[in-house]
Every structure is written in C-alpha cells, then in structure tokens.
Amino acid sequence: MRNRTLACVFAHPDDDAYGAAGSVALHADEADFRFVLVHATSGELGDIREGFPATRQTLGAVRRAEDEAAWRALGRAPDRHEWLGLPDGGVAGVPFEQVVSAVVQVLDEEDPAVVVTFGPDGVFGHPDHIAIGAATDAAFARLRSPDRSGFQRLAHGAVPQTVFERWNRQRDELGLFTFDPTQTYHMRGIPDEQIGITVDCREVTGRIVAGLREHRSQLHVMSDDPTDGDQWERRVRREWYAVAWPEPRPGAPMLTDLFDGLG
Ligand SMILES: [Zn+2]
C-alpha cells in the first residue's frame, strides 16, 4: 500500500499558511492522504497591532485558534496537529536533543512518506525556523530505515534566488521596503539549482488565500496590503522545495509535487 502521509514541521502559526498550504490543498481530497502538522511554538511573542483584541498573555492561544481556523478555511484540517509548546523566539535556546526528541516522537508514530520543514536559510533567517529545521533533519535521519514505508523524502521549503530578486525588484518599484538577505528576519533565496520540487498551485490559490486571511492577528506583518487578494494569489501560485534527502542526483528532472515519483 502506498504511503501518502505528509508531515510538516514549522516554527510558528502562519509559517504553514505560506509553507505548504498549496501542496495540502492539492492532495486534500485523496482518500489515503494524511496530513500531520507540528508547530514548535504558539507564536506568543508575535506583534500585536494597535486595537487588536489580544494581550501578550492571550496571543499564543489566539494564534493557535487562528491557525486551526485557517486550515478549516482552506478546506482540509490536519489529521493530527501537535503544538510542542517551545518558547517563541527561543527555539534555538532549547537543548537541541530535546527538540529532536519531541519531533522524533511524532514522526516515529506517523511514519510520513514526506517530511517538510525549513532548510538552513530559514527562508527569513529566523533562528526559530533554522533551529526547528535542523532538529527535524536530525529526527528524519534518526528514523529513516529501509524497514519502514515512511521517510522517503525530506523537503525544505525555500524561495529560488531569481524569484527572490524579482520580488525584491517589484517591491523597490512599488516603493516598499526591500529585503536584505544578510539580515536576520529578512527574506532570502537559495540558488535556483538547489530547488528540486516546483509545485504549480494555481488551481488552489483561492483556498490558500482563504487560509492566510484567518491569521487575523498577523495580517499586517504577513502582507503589505492584506486587502489586496490579487497580490496574495499571485504570490502563492507556486511552492518551491529543496530536496534534502535523498541527495539529488545531478541533472535530475524537476519534481512537480511533494509525492512525485514516490511509491
Ligand atoms: Zn515563522
């Protein structure tokens, strides 16, 4: 029997909204698709904009609820959703082995064919992203075994360098701030040749944006203009991943789906 379990391991509620929402939407209606979602933190240190009904004490719970509402809006709730409860902004300060063990526990039970997380770039250089990505890589390496049907592919969400540069140019032309990839918390690309999976999400952009809109407390940091649905739909037309395992063969064709080519 084929394994169609996808496990996504992210740092914050909203990383998943951009990170793998298109891939989940594309597989949402398959009978054997199983979606496991792991969040390291509740994002409790996130920005609280003026007038938003949350406090520092309640923001974590608010963001967990927003994340759950987002997946409902997309139309495919996770089959299992784990909140590891690690400190927002402090994942890198938690003993590495403790983070790895927490991820191992979930992945060992689920035996996912594909695991998605952050690569060493963290997309934004965010230390939480980099730390949970490294811990997930370690968990994957520990659990992978020829005796299991799972752990066939480890994928790192990423932005190709040429796309990053195009987005930055467009931002400059619109008079918006531009990202400086040498700075922490700024978006960055990875070399185009490291991208092994490009997913065409155009048929599900409406579902992705419906999910994004549920992250109400963070809309002002997630988009320059949350009312501009067209801009959001353009931005989520594709998802890109580097394949961290198995090591890509030089000249291997571009995969078009997280499960592309798996048994
Ligand atoms: Zn994040």
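Residues numbered from 1 in each chain as written. Predicted model: local features only at pLDDT ≥ 70, side-chain atom pairs only at ≥ 80, totals over all residues. Heavy atoms only, no water.

### Comments concerning the coordination of the zinc ion
Step number 1: The zinc ion binds to the protein through His12 (ND1), Asp15 (OD) and His129 (NE2), with metal-donor distances spanning 2.0 to 2.1 Å.
Step number 2: Written as a sequence motif, the donor arrangement for the zinc ion is H-x2-D-x113-H. Of this pair, aspartate 15 sits in helix H1 (residues 15–19) while histidine 129 sits in helix H6 (residues 127–143), and the two are 114 residues apart along the sequence. For the pair shown, aspartate 15 and histidine 129 are each scored as buried. (Donors = N, O, S within 2.8 Å, 3.2 Å for Na, K, Ca; no water. Helix = DSSP H or I, 4+ residues; strand = E, 2+ residues; numbered from the N terminus. Buried < 20%, exposed > 50% of the residue type's maximum accessible area, 1.4 Å probe, protein only.)

### Concerning the packing of aromatic side chains
Working definition: an aromatic ring pair is given by the centre-to-centre distance plus the angle between the planes.
Step number 1: This structure, assessed with the given rule, holds nine aromatic pairs.
Step number 2: Seen from their ring centres, phenylalanine 124 and phenylalanine 179 are 6.1 Å apart, and the 80 degrees between their planes marks the pair as edge-to-face. With phenylalanine 124 in helix H5 (residues 122–125) and phenylalanine 179 in the loop between helix H7 (161–173) and strand E6 (197–200), the pair connects residues that are 55 residues apart, well separated along the chain.
Step number 3: With 5.2 Å between their ring centres and 80 degrees between their planes, phenylalanine 177 and phenylalanine 179 make a pair best called edge-to-face.
Step number 4: Every member of this aromatic cluster is reached through a ring pair, and the members are Phe33, Phe35, Trp71 and Phe259.
Step number 5: One cation-aromatic arrangement involves arginine 171 over phenylalanine 177; the distance from NZ or CZ to the ring centre is 4.6 Å.
Step number 6: The positively charged end of arginine 235 is found above the aromatic ring belonging to tryptophan 167, 5.3 Å away from the centroid. (Phe/Tyr/Trp six-rings, centres within 6.5 Å; stacked < 30°, edge-to-face > 60°. Lys NZ or Arg CZ within 6 Å of the ring centre and 35° of its normal.)

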